[in-house]
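# Remarks on the overall topology
For reference, the chains in residue letters:
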Amino acid sequence: MNVIERCRLLAQFSEEPGATTRTFLSEPMHQVHACLRGWMEQAGMSVVVDHAGNLRGLYASTRPSARRLFIGSHLDTVPRAGAFDGILGVVLGVALIERLRGSRLSFDIEVIGFSEEEGVRFGVPFIGSRALIGDIDDQLLETVSSAIAAFGLDPKRINEARTGDDALGYLEFHIEQGPVLESLNLPLGVVETIAGQSRFDVLFEGQANHAGTTPMNLRRDGLAGAAEWIGRVEREARGVPGAVATVGRVNISPGAANVIPGSAAASLDVRHADDDVRHCLATRLLRCAEQIAAARCLKVSWEQRLDQSAVAMDSSLIRMLERAVATTGCPIHRMPSGAGHDAMIVARRMPAAMLFLRSPGGISHHPDESVLAEDVAAALDVGMAFLQELERRHA
């Protein structure tokens, strides 16, 4: 069974019939673990599940006390997901070990399938990778402890998931989840930075009133103010290279066809690989909201929900990945990641790198998400060249 077939098989293990929905330590995760464990053990790996629910396959070195390279991604999904987001990186890791055909290296390789990255079940993302780096606080542990216990694990032992200080680094293969590589007709991209994110809840408040009796010039329409601002968000973001800004949710009140909306609550998501640029754009968009509200006799307020800094991938590992890409004959292309990934968490503790695979149609977080067989083959070739250079350095 090849990499793509394995990913599609694992996509069948779901909480929702007819769709792929698999959240943190839900029952289908047992089935995913069982399949992956079988493939890992057949490849010569010893396998454990730590007490954060991470599946960990160790391909041991020929040397005692060897340092360790981690290769991984996440096993959970968003609701009604595709078959490749996250799990492709784990299956590719297993395939790399299989390619070694029993040959041992001077360093350990641990393929890790993180129990949680998407934040669907408890509204908190990156539980698996946070456990790996020792970043599970008491509040988070209290939130997830019952789920851990129900899965047959011991939440009191979650600190045992923390890695030691012997890591060589972390490598993550992942679909791009966007259209850039396809637009450039490129199979692979070397990630140099994972973009920072700012998220806000923005509230426009006016006055609800009768839609038939209130003249247009006397209205204080909260939704109309929000709508004007949403257009400004799009225009302003288009003027900043590398930036994206999204209003993904609007809730209006009272929400009746014959009532002028008294208020509109909107979300705002701003991302950029440069934190200063991101902060400046976010500030400008909020000032635009103030100006629009003032002109329309509305009140506007906001609350920041997230301020996540950009994370640069390790420069040495980036260069190694680029050399590995060059050996396959693929063009070298550096790019930022607009989405968050486990690599940004693991990078707090060890050098980290990411390789993107082209996403046909730019589609992800959707059942139509796919990957090309030739891109998977190229990624495996890159992975092998990466391991070979690492071996030359540490032999």
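Residues numbered from 1 in each chain as written. Predicted model: local features only at pLDDT ≥ 70, side-chain atom pairs only at ≥ 80, totals over all residues. Heavy atoms only, no water.

## Thoughts on the overall build of the protein chain
Each helix and strand in the protein chain was counted, giving eleven helices and 16 strands. For 395 residues, the compact-globule estimate of 2.2 N^0.38 gives 21 Å, and the C-alpha radius of gyration of the protein chain, at 23 Å, lies within 12% of that figure. Projected onto its principal axes, the C-alpha positions of the protein chain cover 80 × 45 × 40 Å. Relative to its full complement of 395 residues, the protein chain shows a buried share of 53%. Total accessible area on the protein chain stands at roughly 16,800 Å², and carbon and sulfur atoms take up 49% of it. Here the protein chain contributes 39 positively and 49 negatively charged side chains, and the mean placements of these two sets differ by 2 Å. (Helix = DSSP H or I, 4+ residues; strand = E, 2+ residues; numbered from the N terminus. Rg over C-alpha atoms; globule rule 2.2 N^0.38 Å. Buried < 20%, exposed > 50% of the residue type's maximum accessible area, 1.4 Å probe, protein only. Areas by Shrake-Rupley, 256 points an atom, 1.4 Å probe, with all protein chains shown as cover. Lys, Arg positive; Asp, Glu negative; His and termini not counted. Charge placed at Lys NZ, Arg CZ, Asp CG, Glu CD.)

## Focus on helix α8 (residues 275-295)
Given a rise of 1.5 Å per residue, 21 residues ought to cover 30 Å, and the 30 Å separating the end C-alpha atoms of α8 matches this to within 8%. Along α8, the residues classified as buried are Arg278, Leu281, Ala282, Leu285, Leu286, Cys288, Ala289, Ile292 and Ala293. Mapping the buried residues of α8 onto a view down its axis gives an arc of 145 degrees, with all of them on the same face. For α8, the exposed residues lying more than 90 degrees away from the buried face are Asp276, Cys280, Ala294 and Ala295. Between a side-chain oxygen at the N-terminus of α8 and the backbone nitrogen of Asp276 the separation is 2.9 Å; the capping residue is Asp274. (Expected span 1.5 Å × (residues − 1). Arc of directions from axis to C-beta. Polar contact = N/O pair within 3.5 Å; in protein donor to acceptor, adjacent residues only side chain to side chain.)

## A few points about the side chain of Thr193
Tracing the backbone through its elements, the reader meets Thr193 in strand β6 (residues 188-194). Those residues in contact with Thr193 that sit more than four places away from it in its chain are Ala273, Ala310, Val311, Ala312, Met313, Met335, Pro336 and Ser337. (Contact = heavy atoms within 4.5 Å.)

## A short note on the environment of Glu160
Checked against the element boundaries, Glu160 lands in the loop between α5 (138-150) and β5 (167-175). Note: C-alpha distance between Glu160 and Ala131 (29 residues apart in sequence) is 8.6 Å. Side chain to side chain, Glu160 and Arg157 meet in a polar contact 2.9 Å long.

## Considering the pattern of salt bridges
Within the structure shown, the criterion is met by 30 salt bridges. Among the salt bridges present, the one from Glu98 reaches Arg6, with a minimum N-O distance of 3.0 Å. On the criterion of sequence distance, the pair formed by Glu98 in helix α3 (residues 87-100) and Arg6 in helix α1 (residues 3-11) is long-range, its members being 92 residues apart. Accessibility expressed as a relative area gives 30% for Glu98, which makes it partly exposed. Of the charged contacts in the structure, one is a salt bridge between Glu303 and Arg305, with a shortest N-O distance of 3.4 Å. Residue Glu303 is classed as partly exposed on the basis of its relative accessible area, which comes to 43%. (Salt bridge = Lys/Arg side-chain N within 4 Å of Asp/Glu carboxyl O.)

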